[in-house]
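What the coordinates show
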Amino acid sequence: MDHYNNESNQNINNNQVDYKHFIPRQNGFVFKFIKKDNDFIHTFAEGDFLEKIGLSPAYIIGKTLHDFSPKDQANQKHCFYETAWNGNLVNYEGGANGYHYLASLTPLIIDSQIVEVVGTAIDITDYWKDVTKIQELEKLSLIGELAAGIAHEIRNPLTSVTGFIKMIQERSNDETTNEYLKIVLHELSQINTIVNQFMFIAKPKETMEIINTDMKALVSRVIEFMKPQANLKGLNFIEFISSDSIFTAQCDPNQLTQVLMNLIQNSIEATTDPTQKIVISLKNVNDNSFLIELTDKGSGILPERQKRLFEPFYTTKEKGTGLGLMMCKRIIENHDGTIEVNSQLGEGTTVRIILPKAFNHHQKRD
Ligand SMILES: Nc1ncnc2c1ncn2[C@@H]1O[C@H](COP(=O)(O)OP(=O)(O)OP(=O)(O)O)[C@@H](O)[C@H]1O
Ligand SMILES: [Mg+2]
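The residue numbers shown here count from 1 along each chain, following its written sequence. The naming scheme follows written order: chains are lettered A onward, ligands numbered 1 onward. Local features are withheld for residues below a pLDDT of 70 in this predicted model, meaning they are given only at 70 or higher, and side-chain atom pairs are given and counted only at 80 or more; totals for whole chains, interfaces and linings count all residues. Side-chain descriptors were evaluated using all non-hydrogen atoms of the structure, hydrogens and water having been removed beforehand.

Helix and strand labels come from DSSP, where a helix needs a run of H or I of at least four residues and a strand needs a run of E of at least two; each type is numbered from the N terminus. Tallying secondary structure elements over the protein chain gives eleven helices and twelve strands in all. When checking whether two residues touch, look at their non-hydrogen atoms; a contact exists if any pair is within 4.5 Å. Here the analysis covers contacts within the protein chain between residues at least 6 apart in sequence; of these, 62% occur between residues at least 24 apart. All accessible-area figures derive from a Shrake-Rupley calculation using a 1.4 Å probe, and residue coverage is judged against the displayed protein chains alone. If you sum the accessible surface of the protein chain, you get close to 21,400 Å²; carbon and sulfur atoms cover 52% of it.

Here it is in structure tokens:
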């Protein structure tokens, strides 16, 4: 072992300057190994990035892969090392502690003999994150396409089933049958809502109809509409605060109604104490934009769950579809607005929406 340490020290002295020139210390590392007694022994290691992945030259030099890597990784890397020792260039990805790197192994041949293998590794963490993000987006758009396809197929038969049930209802004088039909119609309307949400996720822009809308009237209407839902849970108060004089905004009132309905619904579902009220306020931010803020004193949301709220199908509810907040975000962003959720577990949740008063048609994205 001493022998290798000596050799590695020599190598450090010989090579330090060279490697520093072509590998930025923070963004990568360099290492070397030789084969001895059927195992690979590291003779050199250098680079600040080593520390980020939880290693240091002292851990590596004079050691085999199994001395410092988990067994499965060590076995895998051993294969890469073997391939390089047989005279091939090898690239592989590795990582630890949330960092990712791309490593290349280059065999050094002197007099037709492989004398050592030089490995270089560069930090690809950012690139890796971008790729993951793109994959996430692709997944989303695939879900969107699937959703639209399925929703489209379901919509037509659903309409005709609903129509026929209504006809049967009109002709039936039997009380029990009518009760059942009422339930069937209710369930069908649930399916219809979900199907429409699916259609919407895939093609949000096509359904936008921008008109000048009195915002105060819109919010009041939604609250009136949602009050029976709140009463069902014993909640009596949805309070509306609107300090500013009436103002209009260019928006799709149906879509904003949907957003508010979803948010109020979430607040109603989260509130267990019937003495707590849900407060909605509407005010000017400046001449060009306004704020809709919705606060509940409900369960609140665990911090680690907060970043997942806008993901499709993310739900903690038995009967939730997990599409509510995602749709809200789509709609608000299509209006060039922003939506953010602030929540304290056990304290409650506040949703803040900021929207422009004028809709810029040129920014309409496809
Ligand atoms: N006001 C709130 N208070 C506490 N938790 C909330 C609140 N709003 C949303 N959440 C959490 O975020 C999750 C996602 O909400 P979202 O509205 O997207 O879906 P959902 O309500 O579960 O189902 P859906 O709205 O499709 O019926 C909820 O399951 C819940 O855990
Ligand atoms: Mg919801």
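To continue, consider the site of ligand 1. In the vicinity of ligand 1 lie 20 residues, with T315, T316, K317, T321 and L325 positioned nearest. Definition of a polar contact: a pair of N or O atoms within 3.5 Å, with one able to donate and the other able to accept a hydrogen when the atoms are protein atoms, and with sequence-neighbouring residues admitted only if both atoms are side-chain atoms. At 2.8 Å, a backbone N or O of L325 approaches an oxygen atom of ligand 1. Here ligand 1 has 590 Å² of accessible area as a free molecule, and 89% of this is covered by the chains. Looking at the shell around ligand 1, the elements with two or more residues in it are α9 (253–270) and α11 (324–334). No other element matches the four residues that α9 contributes to the shell around ligand 1. We define proximity as follows: a residue is near a molecule or strand when any one of its heavy atoms falls within 4 Å of that partner.

Let's shift gears to the nonpolar core. Buried Ala, Val, Leu, Ile, Met, Phe, Trp, Tyr and Cys residues form a nonpolar core when they are joined through side-chain atoms within 4.5 Å. Exposure is judged per residue with a 1.4 Å probe applied to protein chains only, and the accessible area is read against the type maximum: over 50% gives exposed, under 20% gives buried, and values in between give partly exposed. Ranked by internal contacts, the top residues of the largest apolar core, which has 36 residues, are M215, I264, I292 and I353. If you list the elements that add at least two residues to this core, you get α8 (215–232), β8 (248–251), α9, β9 (278–284), β10 (289–296), α11, β11 (338–344) and β12 (348–356). By size, the runner-up hydrophobic cluster in this structure holds 26 residues, among which are F29, I60, I61 and A74.

Turning our attention to the packing of α8 against α9. Between α8 and α9, the least distance of the axes is 10 Å, while the angle of their chain directions is 40°. One element, α8, and the other, α9, form an angle in the oblique class. At the point where α8 passes α9, the crossing takes the right-handed sense. The residues of α9 that touch α8, namely those facing M215, L218, V219, V222, I223, F225, M226, Q229 and A230, are P253, L256, T257, L260, M261, I264, Q265 and I268. Three classes are used, and their members are as follows: Ala, Val, Leu, Ile, Met, Phe, Trp, Tyr, Cys and Pro are nonpolar, Asp, Glu, Lys and Arg are charged, and the others, Gly among them, are polar. Across the contact of α8 with α9, the residue classes tally to 14 nonpolar, three polar and no charged. Axis lines are fitted through C-alpha atoms, for helices just across the contact stretch, and the angle between N-to-C directions can take any value from 0 to 180 degrees. Roughly parallel means an angle under 35 degrees; roughly antiparallel, over 145; roughly perpendicular, 65 to 115; everything else is oblique. Crossings are sorted by hand: turned counterclockwise from the far helix by less than a right angle, the near helix makes the crossing left-handed, and turned clockwise it makes it right-handed.

Our focus in this paragraph is the side chain of S289. With respect to the element layout, S289 can be found in strand β10. Excluding residues within four positions of it along the chain, S289 makes contact with N284, I354, L355, P356 and K357.

Attention shifts here to the sheet that holds β10. One bridge is not enough; two strands pair if DSSP finds at least two bridges between them. Taken in spatial order, the five strands make up an open sheet running β7-β9-β10-β12-β11, and their pairing is mixed. For this open sheet the edge positions go to β7 (238–242) and β11, each flanked by a neighbour on one side alone. Taken over all neighbouring pairs, the strand axes of this sheet differ in orientation by 15° on average, direction set aside. In this sheet, β12 lies alongside β10 in antiparallel orientation, the contact comprising eight bridges. By the bridge assignment for β12, S289 is matched with P356.

Okay, the packing of aromatic side chains next. Pairing of aromatic rings covers Phe, Tyr and Trp, the last through its six-membered ring, and needs centres within 6.5 Å; plane angles under 30 degrees mean stacked, over 60 mean edge-to-face, and all others mean tilted. The tally for this structure, following the rule as stated, stands at twelve aromatic pairs. Between F29 and F31 the ring centres are 5.8 Å apart and the planes differ by 35°, which places this aromatic pair in the tilted class. As far as the burial class goes, F29 and F31 line up, both buried. Taken together, the aromatic side chains of F29, F31, F33, F40, F49, Y81, W85, Y99 and Y101 make up a single cluster linked through ring pairs.

Our focus in this paragraph is the pattern of salt bridges. Criterion for a salt bridge: a side-chain nitrogen of Lys or Arg within 4 Å of a carboxyl oxygen of Asp or Glu. Summed over the entire model, instances satisfying the criterion amount to ten salt bridges. Between E269 and K317 there is a salt bridge whose closest N-O contact spans 2.5 Å. With a gap of 48 residues between them, E269 in helix α9 and K317 in the loop between α10 (303–306) and α11 connect regions that are remote in the sequence. Among the residues examined, E269 registers a relative accessible area of 37% and is labelled partly exposed. Classification of K317 by relative accessible area gives partly exposed; the value is 33%. One salt bridge connects R308 with E311, and the closest N-O pair in it is separated by 3.1 Å. Given the relative accessible area of 30%, E311 is considered partly exposed. Within this structure, E293, E340 and R352 form a network of salt bridges that share partners.

The next thing to look at is unusual backbone geometry. The phi dihedral of N97 falls on the positive side, at around 55°, and the residue is not glycine. With respect to the helices, strands and loops of the structure, N97 is situated in the loop between β3 (90–96) and β4 (99–110). For N97, a relative accessible area of 56% translates into the label exposed.

Let's shift gears to the environment of V195. Within the secondary structure, V195 sits in helix α7 (residues 175–202). Put simply, V195 and I150 are 45 residues apart on the chain and 8.3 Å apart in space, counted from C-alpha to C-alpha. For V195, the residues in contact, after removing those within four places along its chain, are A151, I154, R155 and L158.

To continue, consider a nonpolar patch on the surface. Note that patches include only residues with greater than 30% relative accessible area and no salt bridge, and the join distances are 9 Å for like charges and 5 Å for nonpolar side chains (Val, Leu, Ile, Met, Phe, Trp, Tyr). A surface patch of nonpolar side chains, amounting to about 430 Å² of accessible area, comprises L142, L146, I150, I154 and I191. If one sorts the elements of the nonpolar patch by residue count, helix α6 (residues 125–171) sits on top with four residues. Along the chain, I150 falls in helix α6.

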